[in-house]
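# Chains, contacts and geometry: an overview
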Amino acid sequence: MRISKINLEIYYDIPGYDGKYQINYFGNLRRTLKNGRFKELHPYIKSSNRRRVVKLNCKERVVMGLMKDTFIGELPEGYVLYHKNGILSDDILSNIGIITKADLGKLTGLRNKCHIQVVKINQNGEIVDCYKSVREAGRRNFMAYQTILDRLNGNVKSLYAPDGYVYVRDSDREIQRAVREIELDRTKKCGACFAEAPDVIFDF
């Protein structure tokens, strides 16, 4: 990692632009003006691949790539970045994972092989499994299907199910909301405005 501890409240210079453009932990961008003030930049969704892009020096850049350049650095051969919660426009640093191309293919196939109604998310905000129905989710995780259903319908106060995972409907909105709640829960526990850099599964 280029930066091992990230302050959630400040912006960092994007390499290669001599301080002209900056980005923060949440994937927000701004430009430094000549008078020393800042202008917020507004990325847009690319229709061809559903990713957030922004123009820097009149050249289109993918926001996820800018997050990599700023916070992560170069990846070893055979590794790529991916969005942990499956939402390609969610570029917060905690949602950007590092994985081999082979494992990414397996993960993508898991969600694409059938119509999914329920997803299972771990305490790092990563989708770890998906299910065709609420009953299947309950059966495969040794819980009553009503336990899963209550969480999908917001009938319980606890974020995590008895097995320590979060279960939500397979929609970008629901997944993103769940991941944000997980992040908020972790922030409350550590009581700080700093975030550790995401775990990296290889040594530099």
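Okay, so let's go over this structure. If you're wondering where the values come from, they're calculated on a predicted model, not measured in any experiment.

## A look at the sheet that holds strand 7 (residues 52-56)
Overall, antiparallel pairing links the three strands, which are arranged 6-7-8 in an open sheet. Each edge of the open sheet is held by one strand with a lone partner, namely strand 6 (44-45) and strand 8 (59-62). The sheet contacts of helix 1 (residues 63-72) involve strand 7 and strand 8, and relative to strand 8 the element is tilted by about 75°.

## Re the packing of aromatic side chains
Under the criterion given, the structure shown has three aromatic pairs. Centroid distance Tyr12 to Phe71: 5.4 Å. Interplanar angle 75°. Geometry classified as edge-to-face. In this pair, Tyr12 sits in strand 2 (residues 12-13) while Phe71 sits in helix 1, placing the two residues 59 residues apart along the sequence. For Tyr12, a relative accessible area of 15% translates into the label buried. Each ring, one from Tyr25 and one from Phe26, has its centre 5.2 Å from the other, and the planes form 85°; the classification is edge-to-face. Relative accessible area serves as the criterion here: at 37%, Phe26 is assigned to the partly exposed category. Of note, Arg30 hangs over the ring of Phe38, and the distance from its end group to the ring centre comes to 3.5 Å. Note that Lys120 overlies the ring of Tyr165, its terminal NZ or CZ placed 4.2 Å from the centroid.

## Concerning the sheet that holds strand 11 (residues 118-121)
Strand order in this open sheet of three strands is 12-11-13, and the pairing throughout is antiparallel. With partners counted over all chains shown, the strands left at the sheet margins are strand 12 (127-131) and strand 13 (166-169), one partner each. Strand-to-strand twist of the sheet, defined as the mean angle between neighbouring strand axes without regard to direction, takes the value 25°. Two strands pair when backbone bridges link them, and strand 11 and strand 13 are joined in this way by four bridges, in the antiparallel orientation. Residue pairing across strands places Lys120 opposite Tyr167, the latter belonging to strand 13.

The rules behind each value
- Residues numbered from 1 in each chain as written.
- Predicted model: local features only at pLDDT ≥ 70, side-chain atom pairs only at ≥ 80, totals over all residues.
- Heavy atoms only, no water.
- Pairing = 2+ DSSP bridges.
- Helix = DSSP H or I, 4+ residues; strand = E, 2+ residues; numbered from the N terminus.
- Contact = heavy atoms within 4.5 Å.
- Axes fitted to C-alpha atoms, helices over the stretch in contact; angles between N-to-C directions.
- Phe/Tyr/Trp six-rings, centres within 6.5 Å; stacked < 30°, edge-to-face > 60°.
- Buried < 20%, exposed > 50% of the residue type's maximum accessible area, 1.4 Å probe, protein only.
- Lys NZ or Arg CZ within 6 Å of the ring centre and 35° of its normal.

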